[in-house]
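# What the coordinates show
Here is what each chain is made of, one letter per residue.
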Amino acid sequence: MSKHIVGRHIELTDALKSHIEDGIESLKLYNLDIISSNAIVSINHKHKEGIAIELVLKLKDKNTIVITEKDKDAYAAIDVAIDRAKKALRRHADKIKNHKIMSFKDMGFEAEAVSEFDHDEVEIVPMDLELHKPLDFDEAISALRDEKKRQFIVFNDHEGLMRVMYKRADGKFGLY
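In this report, the structure presented in the accompanying data block is examined.

What counts, and at which threshold
- Residues numbered from 1 in each chain as written.
- Predicted model: local features only at pLDDT ≥ 70, side-chain atom pairs only at ≥ 80, totals over all residues.
- Heavy atoms only, no water.
- Helix = DSSP H or I, 4+ residues; strand = E, 2+ residues; numbered from the N terminus.
- Buried < 20%, exposed > 50% of the residue type's maximum accessible area, 1.4 Å probe, protein only.
- Contact = heavy atoms within 4.5 Å.
- Salt bridge = Lys/Arg side-chain N within 4 Å of Asp/Glu carboxyl O.
- 1 Å grid on protein atoms, 1.4 Å probe; cavity = no way out; pocket = protein on both sides within 12 Å on 5 of 7 lines; lining within 4 Å.
- Points joined across faces, edges and corners; volume = space filled by probe spheres on them.
- Pairing = 2+ DSSP bridges.

### Side note on unusual backbone geometry
Phi is mostly negative for residues that are not glycine, and the peptide bonds are mostly trans. Even without being glycine, His9 reaches a positive phi, approximately 60°. With respect to the helices and strands, His9 occurs in the loop between strand 1 (2-8) and helix 1 (14-25). According to the relative accessible area criterion, His9 is exposed, its value standing at 63%. We note that Asp33 has phi near 50°; this positive angle belongs to a residue other than glycine. Tracing the sequence through the fold places Asp33 in the loop between helix 1 and strand 2 (34-43). On the accessibility criterion, Asp33 (47% relative accessible area) is partly exposed.

Following this line, the structure appears as structure tokens:
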């Protein structure tokens, strides 16, 4: 992350710059890939003794967060601006986590829209538990090659992490 701290019509002390840098470093807590941060400290011309802080955060997914804060004390304005930035980043992180994409493309080729559902005609089909045992990489590839209906398989890699292998439209396999 690149950091730019600029003072307009004001000379920034080292203590003020380090306070701003510490506040910006604390924003990494949300793991949102902040590309750049610009902090502009200026004198508030409406109130001759006031300070205005403008904090601009550019995120990797073309989102920009702009926070402006005015106060008589520069440190108080910085603290409030950093707290507001943390709140905005937390909201953005929650929005990303809660966003679930569900479309017919994700469901496969045989998905159909259901307008009405009759609960009396529900048939429960027991599943074979052996189908849900953990797979390794080679088993996942052979299972995807053999099956025509299934589009993706979840398996454990050699590090114990859950991975998803899927069929691409060009006949190759993709891996998440």
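### Examining the environment of Leu27
Position of Leu27 among the secondary structure elements: in the loop between helix 1 and strand 2. Residues Leu27 and Arg90 lie 63 residues apart in sequence; the distance between their C-alpha atoms is 9.6 Å. In this view, Leu27 contacts Ile34, Leu57, Ile82, Ala85, Lys86 and Leu89; residues no more than four positions away in its chain are not counted.

### Observations concerning the pattern of salt bridges
Per the stated rule, a full pass over the model turns up 4 salt bridges. Notably, a salt bridge pairs Glu25 with Lys28, separated by 3.3 Å at the nearest N-O pair. Overall, Glu25 belongs to the partly exposed group, its relative accessible area being 33%. Between Asp33 and Lys60 there is a salt bridge; the shortest N-O distance is 3.7 Å. Placement of the pair is Asp33 in the loop between helix 1 and strand 2 and Lys60 in the loop between strand 3 (51-59) and strand 4 (64-71), with a sequence separation of 27 residues. Here the salt bridges do not stand alone but share partners, grouping Lys3, Glu25 and Lys28 into one network.

### Quick look at empty space enclosed by the protein
Evaluation of the coordinates by the stated rule reveals 1 cavity of 30 Å³ or more. Reported here for the largest cavity is a volume of approximately 40 Å³. Around the largest cavity, the lining residues are Ile20, Ala39, Ile53, Leu55, Ile78, Ala81 and Ile82. Broken down by element, the lining of the largest cavity gets its largest block of residues, 3 residues, from helix 2 (residues 74-98).

### Observations concerning the pairing of strand 3
Counting buried positions over the 9 residues of strand 3 gives 7, a clear majority of the element. Pairing analysis gives 9 bridges linking strand 2 to strand 3, with the strands arranged antiparallel. Paired with Ala39 across the strands is Leu55, a residue of strand 3. When strand 3 meets strand 4, the two strands line up antiparallel, connected through 8 bridges. Looking at strand 4, one finds that Leu57 is bridged to Ile65. Linkage of strand 3 to strand 4, two consecutive antiparallel strands, is achieved through a turn of 4 residues, within which Lys62 is found at a positive phi near 60°.

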